[in-house]
Amino acid sequence: MATVERRTPSGGIRVQRRIGLTVPQRTMLQACERCGWRLAFVRTPLDHPTPVLFATARDFVVVREDGSIDRWPEIALRH
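Along each chain, numbering runs from 1 in the same order as the chain's sequence is written. Per-residue local features of the predicted model are confined to residues with pLDDT of at least 70, and side-chain atom pairs are confined, for both listing and counting, to 80 or more; whole-chain, interface and lining totals are unaffected and use all residues. Side-chain measures were taken over the full set of non-hydrogen atoms in the model, leaving aside hydrogen atoms and water.

### Quick word on the packing of aromatic side chains
So, step 1. Each Phe, Tyr or Trp ring (for Trp, its six-membered ring) is paired with any other whose centre lies within 6.5 Å, and the angle between the two planes then decides the class: stacked below 30 degrees, edge-to-face above 60, tilted in between. This model, assessed by the stated rule, comprises one aromatic pair.
So, step 2. Residues phenylalanine 54 and phenylalanine 60 carry aromatic rings whose centres are separated by 5.5 Å and whose planes lie at 35 degrees to one another, so their mutual orientation is tilted.

### As for the sheet that holds strand S4 (residues 69-70)
So, step 1. Two strands make a pair as long as DSSP finds a minimum of two bridges between them. To qualify as a helix, a DSSP run of H or I must reach at least 4 residues; to qualify as a strand, a run of E must reach at least 2; elements of each kind are numbered from the N terminus. Read across the open sheet, the four strands follow the order S1-S2-S3-S4; overall the sheet is antiparallel. For this open sheet the edge positions go to strand S1 (38-43) and S4, each flanked by a neighbour on one side alone.
So, step 2. Where strand S3 (residues 60-63) lies against S4, two bridges are found, and the strand directions are antiparallel. Among the inter-strand pairings, valine 62 is bridged to a residue of S4, identified as aspartate 70.
So, step 3. Pairs of residues are marked as contacts when any of their non-hydrogen atoms sit within 4.5 Å. Note on definitions: angles span 0 to 180 degrees between N-to-C directions of axes, and those axes are lines fitted to C-alpha atoms, for helices only across the stretch in contact. Docked against the sheet, helix H2 (residues 23-34) engages S1, strand S2 (50-54), S3 and S4, running at close to 5 degrees with respect to S2.

Have a look at this one:
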């Protein structure tokens, strides 16, 4: 019996992660993905969703509401 990998997000989930992002955030996200960064998750605080992108396990950035990149965000990551 074949097993299905449930931890790998399907295409629909990846699209849902982008819902709620501003146009500048989506534009910057696409530009970063073309450069090899990957969208890891989207934090959803009360004020506005914040996408978190990784290049390596320790090199990450967040995309602010205006589309700017924050290389030293004040977020705690669990590994």
